[in-house]
Amino acid sequence: MFDQQKKRRIALVASKGSLDMAYPPLILASTAVSMGWEAAIFFTFYGLDIINKHKLGALKVAPIGNPAMPAPVAAFPMQVPNFLGVLPGSTALATSLMKSWFDKANIPPLSELIDVTREGGGKLYACTTTMGVMGVTEEDLIEGVDCRGAAAFLDYAADADVSLFV
Amino acid sequence: MTTVLEHQLVLDCKNLLCPMPIIKLNAAIDQIGVGHTLVMFATDPGSQYDVQAWAKQRQHDLVESKKDGKVFSYVVRRMH
């Protein structure tokens, strides 16, 4: 019977806080709970920004050091020299560019994928070490986050079928 | 060959990309009765494999999988 089977489990680490790197762990976690899996994401280092209510809506992507970033104007498809990424406003430009791609492709905001993950029983763990280092308190985090250390995450991940570091 | 009217629910996931079709499909399956079917439309080419994988993991039955131009259609039966 379906209900008697042991559920599959995915354990994810989200270690990066840029807009492009926030999506993969949340897409995987929201899909996993939609497939009936148990899922947890351990948000550590800059990944903690994804569940920081002051920063979640303002995650950015920087063109500097990112040679994959295309030209901002499709009609002028010249690769922008990477060093121009240091110019003021280039990160804001790259961020609004990426957000416009997401809008055009009907990609939901990160908050919606977080909601799907939580409603599906997925766990969101905030790394307590990062909180201490970055001066982040529980009040800075979105609702429904549990603060945990590495041992607690590893205890969860020990029973996981899939473990990924993002 | 089935028609839309035979199904308890029609789910339009056209112009949506992963993960939204699967998230919506998973929410929709609970809206129909056990043993009944829904029909889902999608345009994401990945959905051909994602719907199959979802049905396998959730243990529902993918009754039919078709492509008409750029639109894919899937008939899924709720099994439990």
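Reading guide: rules and limits
- Residues numbered from 1 in each chain as written.
- Chains lettered and ligands numbered in written order.
- Predicted model: local features only at pLDDT ≥ 70, side-chain atom pairs only at ≥ 80, totals over all residues.
- Heavy atoms only, no water.
- Salt bridge = Lys/Arg side-chain N within 4 Å of Asp/Glu carboxyl O.
- Buried < 20%, exposed > 50% of the residue type's maximum accessible area, 1.4 Å probe, protein only.
- Helix = DSSP H or I, 4+ residues; strand = E, 2+ residues; numbered from the N terminus.
- Pairing = 2+ DSSP bridges.
- Axes fitted to C-alpha atoms, helices over the stretch in contact; angles between N-to-C directions.
- Parallel < 35°, antiparallel > 145°, perpendicular 65-115°, else oblique.
- Left-handed = near helix turned anticlockwise from the far one by under 90°.
- Contact = heavy atoms within 4.5 Å.
- Nonpolar A, V, L, I, M, F, W, Y, C, P; charged D, E, K, R; others polar.
- Polar contact = N/O pair within 3.5 Å; in protein donor to acceptor, adjacent residues only side chain to side chain.
- Expected span 1.5 Å × (residues − 1).
- Right-handed = clockwise from strand over helix to strand, strands pointing away.

> Help me understand the pattern of salt bridges, please; the structure alone is not making it clear to me.
Opposite charge on two side chains allows them to pair when their charged atoms are near. Residues and elements named next belong to chain A. Summed over all chains, the structure comprises five salt bridges over all chains. The shortest N-O distance in the salt bridge between Asp 49 and Lys 55 comes to 3.7 Å. Given the relative accessible area of 18%, Asp 49 is considered buried. Taking the shortest distance from any N to any O, the salt bridge between Arg 118 and Asp 115 comes out at 3.1 Å. Of this pair, Arg 118 and Asp 115 both sit in helix 3 (residues 110-119), three residues apart, which is roughly one turn of that helix. On the basis of relative accessible area, Arg 118 is assigned to the partly exposed category, the value being 27%.

> What exactly am I supposed to notice about the sheet that holds strand 1 (residues 9-14) of chain A here?
As a general point, the strands of a sheet are linked pairwise by backbone hydrogen bonds and lie either parallel or antiparallel. Residues and elements named next belong to chain A. Overall, parallel pairing links the five strands, which are arranged 4-3-2-1-5 in an open sheet. Looking at which strands have only one partner, the edges of the open sheet turn out to be strand 4 (146-148) and strand 5 (162-165). On average, adjacent strands in this sheet sit at an angle of 20 degrees to one another, irrespective of strand direction. Bridge count for strand 1 against strand 5 is four bridges, and the pairing is parallel. Bridging from a neighbouring strand, Val 13 pairs with Phe 165 of strand 5.

> Would you mind going over the packing of helix 1 (residues 19-34) of chain A against helix 1 (residues 20-29) of chain B with me for this structure?
Interaxial distance between helix 1 of chain A and helix 1 of chain B falls to 9 Å at its minimum, and their mutual angle equals 25 degrees. Between helix 1 of chain A and helix 1 of chain B, the interaxial angle falls into the category roughly parallel. When the axes of helix 1 of chain A and helix 1 of chain B are compared, the crossing they make is left-handed. Of the residues in helix 1 of chain B, those touching helix 1 of chain A at Ser 30, Thr 31, Val 33 and Ser 34 of chain A are Ile 22, Ile 23 and Asn 26 of chain B. Its residues placed into classes, the contact of helix 1 of chain A with helix 1 of chain B shows three nonpolar, four polar and no charged.

> I keep staring at the interface of chain A and chain B and nothing clicks. Help me out?
Think of interface size as the accessible area that goes away when the parts come together; that is how it is often given. Between chain A and chain B, the residue contacts involve 18 residues of the former and 15 residues of the latter. Counting every contact that joins chain A to chain B gives five residue pairs in polar contact (both at pLDDT 80 or more). For the side of chain A that touches chain B, the elements supplying multiple residues, two or more each, are helix 1 and helix 3 of chain A. Among the residues forming the side of chain A that touches chain B, the class breakdown is 10 nonpolar, six polar and two charged.

> Could you clarify how one ought to interpret helix 1 of chain A in this entry?
Spacing of three or four residues puts side chains on the same side of an α-helix, whose turn is 3.6 residues. With 16 residues, helix 1 of chain A should reach 22 Å at 1.5 Å per residue; the first-to-last C-alpha distance of 23 Å fits that figure. Every buried residue of helix 1 of chain A is accounted for by Leu 19, Ala 22, Tyr 23, Pro 25, Leu 26, Ala 29, Ser 30, Thr 31, Ala 32, Val 33 and Ser 34 of chain A.

> I tried to follow the sheet that holds strand 2 (residues 37-42) of chain B on my own but got confused; where do I start?
Residues and elements named next belong to chain B. Strand order in the open sheet made by the four strands is 1-2-4-3, with mixed pairing throughout. Both outer strands of the open sheet, strand 1 (9-13) and strand 3 (61-68), are each paired with one neighbouring strand and no more. For this sheet, the mean inter-axis angle between neighbouring strands, taken without regard to orientation, is 15 degrees. Two strands pair when backbone bridges link them, and strand 3 and strand 4 (residues 71-77) are joined in this way by seven bridges, in the antiparallel orientation. Along strand 4, the bridge assignment pairs Ser 65 with Tyr 74. In the packing of helix 1 onto the sheet, contacts are made with strand 1, strand 2 and strand 4, and the angle to strand 1 comes to roughly 165 degrees.

> In this structure, what is going on with helix 1 of chain B? I would like to understand it.
For helix 1 of chain B, the tally of buried residues reaches eight of 10 residues, placing the bulk of the element in the interior. Its buried side turned inward, helix 1 of chain B meets helix 1 and helix 3 of chain A together with strand 1, strand 2, helix 2 (47-58) and strand 4 of chain B.

> Help me understand the pairing of strand 3 (residues 123-127) of chain A in this model?
A regular strand places its side chains on the two faces of the sheet in alternate fashion. Residue and element names in this part refer to chain A. Counting buried residues in strand 3 gives four out of five residues, a clear majority hidden from the surface. One ladder, built from four bridges, connects strand 2 (residues 38-43) with strand 3; its direction is parallel. Paired with Ile 41 across the two strands is Leu 124, which belongs to strand 3. Where strand 3 lies against strand 4, three bridges are found, and the strand directions are parallel. Across the sheet, residue Ala 126 finds its bridge partner in strand 4, namely Cys 147. In this fold, the crossover linking strand 3 to strand 4 by way of helix 4 (residues 128-134) has right-handed handedness.

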